[in-house]
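Single-letter residue listing:
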Amino acid sequence: MADSNALEGLTQALRRLPGVGAKSAARMAFHLLQHDRAAALALARQYPGYLYATAGLHPHHAHDFSGDVEDLFTDLLKHPQVLAAGECGLDYNRNFSPPADQCFAFERQLGLAIAANKPIFLHQRDAHADFMAILRAARPKLKTAVVHCFTGTEAELEDYLELDCFIGITGWICDERRGTHLVDCVKKIPTNRIMLETDAPYLVPRTLKPQPKNRRNEPQFLPHILHAVAHARGESAEELAQASTQNACQFFNFGLTSTAA
Ligand SMILES: [Zn+2]
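Below: a short report on this structure.

Another aspect to go through is the sheet that holds strand 3 (residues 120-125). Read from one edge of the open sheet, 6 strands run 1-2-3-4-5-6, paired in parallel fashion. Of all the strands in the sheet, just strand 1 (53-55) and strand 6 (194-196) have a single pairing partner and so form its edges. On average, each strand axis in the sheet is inclined to that of its neighbour by 30 degrees, with strand direction left out of account. Here helix 7 (residues 154-162) sits on the sheet in contact with strand 3, strand 4 (145-147) and strand 5 (166-169), set at roughly 135 degrees to strand 5.

The next point concerns the side chain of Glu218. Mapped onto the elements, Glu218 comes out in the loop between strand 6 and helix 9 (222-233). A polar contact is formed between the side chain of Glu218 and the side chain of Gln220, at a distance of 2.8 Å.

This part covers the coordination of the zinc ion. Those protein atoms acting as donors to the zinc ion are Glu87 (OE), His123 (ND1) and His148 (NE2), and they sit at 2.0 to 2.2 Å. Here the donor residues of the zinc ion are spaced in sequence according to E-x35-H-x24-H. Here His123 is found in strand 3, whereas its partner His148 is found in the loop between strand 4 and helix 7, with 25 residues between them in sequence. Taking relative accessible area as the criterion, His123 reaches 13% and is therefore assigned buried.

Let us now look at the packing of helix 9 against helix 10 (residues 237-252). Relative orientation of the contacting elements helix 9 and helix 10 amounts to 110 degrees, with a least axis distance of 9 Å. For the element pair helix 9 / helix 10, the angle class is roughly perpendicular. Contacts between helix 9 and helix 10 involve Leu226, His227, Val229, Ala230 and Arg233 from the first element and Ala237, Leu240 and Ala241 from the second. Considered class by class, the residues forming the contact of helix 9 with helix 10 number 6 nonpolar, 1 polar and 1 charged.

Conventions we followed
- Residues numbered from 1 in each chain as written.
- Predicted model: local features only at pLDDT ≥ 70, side-chain atom pairs only at ≥ 80, totals over all residues.
- Heavy atoms only, no water.
- Pairing = 2+ DSSP bridges.
- Helix = DSSP H or I, 4+ residues; strand = E, 2+ residues; numbered from the N terminus.
- Axes fitted to C-alpha atoms, helices over the stretch in contact; angles between N-to-C directions.
- Contact = heavy atoms within 4.5 Å.
- Polar contact = N/O pair within 3.5 Å; in protein donor to acceptor, adjacent residues only side chain to side chain.
- Donors = N, O, S within 2.8 Å, 3.2 Å for Na, K, Ca; no water.
- Buried < 20%, exposed > 50% of the residue type's maximum accessible area, 1.4 Å probe, protein only.
- Parallel < 35°, antiparallel > 145°, perpendicular 65-115°, else oblique.
- Nonpolar A, V, L, I, M, F, W, Y, C, P; charged D, E, K, R; others polar.

Okay, structure coming up:
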């Protein structure tokens, strides 16, 4: 969930966006907005046809999940500018919420996505077995899903692809301390399943030069990630940009022609 600082940073970033000329950056900026549910929708309303929101409770905050939150998400998911549920899932890396709370909130949010017939943004860290068990049970009724900010192993990747999930790749691949395995992994993602994302304001790509002084990741840095992933996959940046944009549009049920700026 965002504080007012983060929202101010986001607004500034948005003002810079049109000058960047990276249409795919704008598209992938949806994800920026998920960290504060109501504020995200308010902001999305200010930029109709340009910004969209998702509605979900991150596993770090799963202990806050309640009937009221569920009612709020049910309402938000009816809104046409709320394109997806999530992000939600399991994160046992730091267990900011107890695993039992995380599993409960995850299952309920999968149910909300199914009821709303909207796609879902998924987050998984150090919780693969539980995550797969819960997701596998819900998958037949789910419209579609993306495992965002994929940082896992090749075996985990195969599990997600078997459930026909999209795979979101961030600047984690540029991290020489913990992301080098992704250089091989991304080659295994089919062209029709890969999506590029920033995870802004987090995860500034470590190979980005110069590094932003405010240490905030922004949609304008998406082309840097695009080039790193395209290089790893041995394809052109243009091909990958087109594939990622097309996949994002399919995922969000977002017409290429109706809203293209
Ligand atoms: Zn996440």
